[in-house]
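Overview (structure and organization)
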Number of protein chains: 2
Amino acid sequence: MKLTQKFQQAIEEELKRQLTRLDEAHTQLYYEMMTYHMGWTGEGAGPKATGKRLRPLMLLLTTAAVGGDYQSALPGAAAIELIHNFSLLHDDIQDNSPTRRGRATAWTIWGVPQAINTGDGMFVLANMALNDLAKTQPAETVLESGRIFQNACLNLTRGQHLDIDYETREQVDVGDYWKMITGKTATLISASMEIGALCGGADADLRLAYRDFGHYLGLAFQVQDDILGIWGDEAVTGKSVASDLIERKKSLPVLFGLEKQGEFAKRWTTGSVRRKEDISELAMLLEREGARHKAQEAADQMTDLALNALRQADPQGEAGMLLYALAERLLNREA
Amino acid sequence: MKLTQKFQQAIEEELKRQLTRLDEAHTQLYYEMMTYHMGWTGEGAGPKATGKRLRPLMLLLTTAAVGGDYQSALPGAAAIELIHNFSLLHDDIQDNSPTRRGRATAWTIWGVPQAINTGDGMFVLANMALNDLAKTQPAETVLESGRIFQNACLNLTRGQHLDIDYETREQVDVGDYWKMITGKTATLISASMEIGALCGGADADLRLAYRDFGHYLGLAFQVQDDILGIWGDEAVTGKSVASDLIERKKSLPVLFGLEKQGEFAKRWTTGSVRRKEDISELAMLLEREGARHKAQEAADQMTDLALNALRQADPQGEAGMLLYALAERLLNREA
């Protein structure tokens, strides 16, 4: 069995073990809400519904790439994935999203009050998973993991706060954007790498290199996602072309376009863009005014910083090669 | 200065210190949502808005009553109060409550998405506060506190799940009730006592006694609250008489009444009780059918168990006397 597959299987088993805490007679419905959201039960359950488990996979690869035993980091990997899923549960309510990964979101099935509570419970389970590191790691390592983890969680809520706030705010600039995606996207990836390295016994410098790698990887990925959200190939991304423009998302290209105060900014501000042709024209204006180019430059810059940090970290063995390959795939994606 | 006052002041200072983590230029609005909910800022800010800080006070009294230094337990006390307030933030959304402690609830001011996120952030701050115990306590104590704390948090979400579920469910019995209030009310009080004892250096037996005290105190308090919710003196409770009947709350007296399958059950099930006279009659039927008496017996039983556990814990010094006094006040309250 390949290493990636082995790790992914171990992650799924650890996640299931962590969730059994709610597998009790009087909380079966609660348990079901959790297992549904994790993609294991209910309509549409299966690999497509679980998501890629990218963050825990990167955590375990890091542990192995610094010479540690991946099994000693498994509860930490589960903790990161549970936090990610907690944030999705609340995100879906906050964004009023009816579907995720092609399935009905929890709040549409069980109502907002229960979905809020299920997210809260998943947050607690994440903390419990992290505490389980005490079974394989010294107490000081568990506490240090806890500090990294809680910092990431607080950043996540900072990013979410800014994201919600920006939706209704007229004035958002590029500086705000970086703060927002640092919290919403980069912080959890960078915490995954740092905890992975810590559990593998890496020293402070090495942990820092992995943390930086995760940070810039997250930023590069998000900017790339923003570009694809406007100019992506519909057949590859699965989203309709320019979907971010239709949703009036204040993504990086849009913010660059607004900064320019040209024709795009004028058209965007009037806000009466509905027809398909208008959207195409908006995208064209953005490109003509250099916003796509600037966004791509930003993505390339973050990619360089990520790869520099990874080279400095110098990950070892098969896990190390897989980390390079994964970074390559995430950073050069077409979709 | 009296001990209670000294502790309360220390709690407030510690809480403020914990929240400064969000006192940054780009998260001022986020910080404001937190400080508003804590009762420190905004319209109606002040002692009435902060609530009684009962749980952290009991935690510190316990630390002192087992011979420990209350200051070494302060971050734990803050953690408990932050978790309590996190649950209130989400509770208000889940219950659709427009006011709390006489003030507008956070979601009515900043919207549901931001209020969910503020609750999440307060949960993270609670975990960070708990981790701060590492500054004054050995690593093993911090980890053990973490286990007690996360267990309480998971129980809290279990109780909340059941509470939301029972609202729409026709069949709820007395057994369900105990499970629900154990999670919603007793678990956080019992964790406060246990963490307080642990931080004060108490051995396992002593911690258990304090935990039991908190558990039964919480149950007794909730049952008493249920009785007052129907037969309480309006002038003392501040709620209208029989308010729980109007809201059709499945409180303990109601569940006893339904069990009886008499006239009360018949009237309750038809559900068409609206007029003031109907409510008074329902309350009268409940009393006549013995439900008030049974509920009072249950409260008395829980009170006995709580006081037995406290006697066994044998709290020492001024803090010990204050614990007895506090228990007395909570258990024999008229409101």
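Since the model is a prediction, treat every value here as computed from it, not as a measurement. (Residues numbered from 1 in each chain as written. Chains lettered and ligands numbered in written order. Predicted model: local features only at pLDDT ≥ 70, side-chain atom pairs only at ≥ 80, totals over all residues. Heavy atoms only, no water.)

A closer look at the confidence of the model for chain A
Low pLDDT means the predicted atomic positions in that stretch should not be read closely. Confidence in the prediction for chain A averages 94 pLDDT; 95% of positions are at 70 or higher. The ipTM assigned to the predicted complex is 0.95, against a pTM of 0.95. (pLDDT = per-residue confidence, 0-100.)

Structural notes on the pattern of salt bridges
Inspection of the entire model under this criterion finds 34 salt bridges over all chains. With its nearest N and O atoms 3.9 Å apart, the salt bridge here joins Lys-294 of chain A to Glu-259 of chain A. Pair noted here: Lys-294 of chain A is in helix H16 (residues 291-313) and Glu-259 of chain A is in helix H13 (residues 252-260), with a separation of 35 residues, a long-range link. Assessed through its relative accessible area of 38%, Lys-294 of chain A is described here as partly exposed. In this structure Glu-259 of chain A comes out as partly exposed when scored by relative accessible area, which is 47%. The residue Arg-207 of chain B makes a salt bridge to Glu-144 of chain B at a minimum N-O spacing of 3.3 Å. Highlighted residues: Arg-207 of chain B in helix H10 (residues 204-231) and Glu-144 of chain B in helix H8 (residues 139-168), separated in sequence by 63 residues. (Salt bridge = Lys/Arg side-chain N within 4 Å of Asp/Glu carboxyl O. Helix = DSSP H or I, 4+ residues; strand = E, 2+ residues; numbered from the N terminus. Buried < 20%, exposed > 50% of the residue type's maximum accessible area, 1.4 Å probe, protein only.)

Quick word on the nonpolar core
Formed by 222 residues in total, the largest nonpolar core has its most connected members in Leu-245 of chain A together with Leu-245 of chain B. Every residue in contact with Leu-245 of chain B, bar those within four places of it in the chain, is listed here: Ile-230, Val-254, Trp-268, Ile-279, Leu-282, Ala-283 and Leu-286 of chain B. (Core = buried A, V, L, I, M, F, W, Y, C linked by side-chain atoms within 4.5 Å. Contact = heavy atoms within 4.5 Å.)

Overview of the packing of aromatic side chains
The final tally for this structure, using the stated rule, is 11 aromatic pairs over all chains. One aromatic cluster is present, built from ring pairs that chain together Phe-86 and Phe-123 of chain A together with Phe-86 and Phe-123 of chain B. Taking NZ or CZ as reference, Arg-103 of chain B lies 3.9 Å from the ring centre of Tyr-36 of chain B, over its face. The ring of Trp-268 of chain B carries the charged tip of Arg-248 of chain B above its face, separated from the ring centre by 4.2 Å. (Phe/Tyr/Trp six-rings, centres within 6.5 Å; stacked < 30°, edge-to-face > 60°. Lys NZ or Arg CZ within 6 Å of the ring centre and 35° of its normal.)

Side note on H13 of chain A
Residue and element names in this part refer to chain A. Those residues of H13 lying buried are Leu-252, Pro-253, Val-254, Leu-255, Phe-256 and Gly-257. Elements that come into contact with the buried residues of H13 comprise helix H9 (174-199), helix H10 (204-231), helix H12 (243-246), helix H14 (263-270), helix H15 (276-288) and H16. Positive backbone phi, at 55°, marks Gln-261, one or two positions downstream of H13.

Considerations on the interface of chain A and chain B
Facing 43 residues of chain A, the contacting portion of chain B comprises 43 residues. Surface buried jointly by chain A and chain B totals about 3,800 Å² across both partners, of which 69% is contributed by carbon and sulfur atoms. Summed over the shared surface of chain A and chain B, the result is two salt bridges. Taken together, chain A and chain B are joined by 16 residue pairs in polar contact (both at pLDDT 80 or more). (Buried area = accessible area lost by both parts, 1.4 Å probe. Polar contact = N/O pair within 3.5 Å; in protein donor to acceptor, adjacent residues only side chain to side chain.)

Topic: the relation of the copies chain A and chain B
Placing chain A over chain B gives an RMSD of 0.0 Å and needs a rotation angle of 180°, together with 0.0 Å of translation along the axis. The relationship between the two copies is best expressed as a two-fold rotation axis. Residues of chain A ranked by C-alpha distance from the rotation axis are headed by Ala-139 of chain A, positioned 3.1 Å from it. Of the residues that chain A buries at the interface, 100% are likewise interface residues in chain B, meaning the two copies contact each other through the same surface. (Least-squares fit on C-alpha atoms with pLDDT ≥ 70 in both.)

A word on the domain arrangement of chain A
All names here are of chain A. Domain annotation of chain A identifies domain 1 (1-202) and domain 2 (203-335). Computed over C-alpha atoms, the centres of domain 1 and domain 2 are 22 Å apart. Across the contact, 32 residues belong to domain 1 and 32 residues belong to domain 2. Between domain 1 and domain 2 the total buried area reaches about 2,700 Å² when both faces are included, carbon and sulfur atoms providing 75% of it. Taken together, domain 1 and domain 2 are joined by one salt bridge. For the interface between domain 1 and domain 2, the tally reads seven residue pairs in polar contact (both at pLDDT 80 or more). Those elements that place two or more of their residues in the side of domain 1 that touches domain 2 are helix H1 (3-19), helix H4 (54-65), helix H8 (139-168) and H9. (Domains from an automatic or database assignment.)

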